[in-house]
Amino acid sequence: MFGETNVVDELKIPEDTMLKDKLKQQSIEALKNHDSKRVEVLRFLVSLIDKKELQLPVGQMTEGDEVSVLRKELKNKEEAKTLFAKGNRNDLVDQMDYEISIVKEYLPKETSEEEVTKIVLQIIEEKGNNFGLVMKEVMAKLGGAVDGGLVSRIVKEKISNI
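To keep things clear, this report deals only with the structure shown in the data block. A quick note: this is a predicted structure, and the numbers were derived from the prediction, not measured. (Residues numbered from 1 in each chain as written. Predicted model: local features only at pLDDT ≥ 70, side-chain atom pairs only at ≥ 80, totals over all residues. Heavy atoms only, no water.)

### Looking at the environment of E63
Then step 1. Within the fold, E63 resides in helix α4 (residues 63-86).
Then step 2. Taking relative accessible area as the criterion, E63 reaches 33% and is therefore assigned partly exposed.
Then step 3. For the pair E63 and K20, spaced 43 residues apart in sequence, the C-alpha separation works out to 8.6 Å. (Helix = DSSP H or I, 4+ residues; strand = E, 2+ residues; numbered from the N terminus. Buried < 20%, exposed > 50% of the residue type's maximum accessible area, 1.4 Å probe, protein only.)

The following block contains the structure:
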């Protein structure tokens, strides 16, 4: 009979599901738990990923693209938090802290600085000390598991020491 089963309850998220789908599923769960702040943040993240997807050719969105969208949003929220702190807007600082914690839940575990340094040195040995080439190779190898600013700093450090 109609309404006897809840399709949403029966949804199971496979491990290979795209990040956007996980965010949507989690927003549904948060909605059921009446966590409106979490729902708002998750829906915003889904909309950012949708916006990026519209900029790419159909079917070309990868999980790496989704992670880069979340990394960019994390950076934006951290900058906003800094500005709110300077303006003594503690209510908004707390809001940003909450949103930052949610974004971080969906980002892959970052590669350690030691691991990045090891990979940078290996690529410098293979490709030489061309900054652009080394950056390209390191970012391709590590993908979304590392912040570009950290890689840039380490590459500059190692190239200048050679």
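### Some points on the nonpolar core
Then step 1. Among the nonpolar cores identified, the biggest contains 17 residues, and L19, L23, L45, L70, V103, Y106 and L107 are the most heavily contacted of them.
Then step 2. When contributions to this core are tallied by element, the ones reaching two or more residues are α2 (19-32), α3 (36-55), α4 and α5 (90-106).
Then step 3. Counting 15 residues, the second-largest nonpolar core is a separate cluster that includes V138, L150, V151 and I159. (Core = buried A, V, L, I, M, F, W, Y, C linked by side-chain atoms within 4.5 Å.)

### Description of α2
Then step 1. A rise of 1.5 Å per residue sets the reference length of α2, with its 14 residues, at 20 Å; its end C-alpha atoms lie 20 Å apart and thus fit the reference within 8%.
Then step 2. Listing the buried residues of α2 in full gives L19, K20, L23, Q25, S27 and A30. (Expected span 1.5 Å × (residues − 1).)

### A closer look at helix α7 (residues 131-142)
Then step 1. With 12 residues, α7 should cover 16 Å at 1.5 Å per step; its first-to-last C-alpha distance of 16 Å lies within 8% of that length.
Then step 2. Taken as a whole, α7 has its buried residues at V134, M135, V138 and L142. All buried residues of α7 lie within an arc of 100° about the axis, which places them on one face of the element. The exposed residues of α7 that point more than 90 degrees off its buried face are K136 and A140.
Then step 3. Close packing links the buried residues of α7 with α6 (113-127) and α8 (148-160).
Then step 4. N-capping of α7 is provided by N130, with a side-chain oxygen placed 3.1 Å from the backbone N of G132. (Arc of directions from axis to C-beta. Contact = heavy atoms within 4.5 Å. Polar contact = N/O pair within 3.5 Å; in protein donor to acceptor, adjacent residues only side chain to side chain.)

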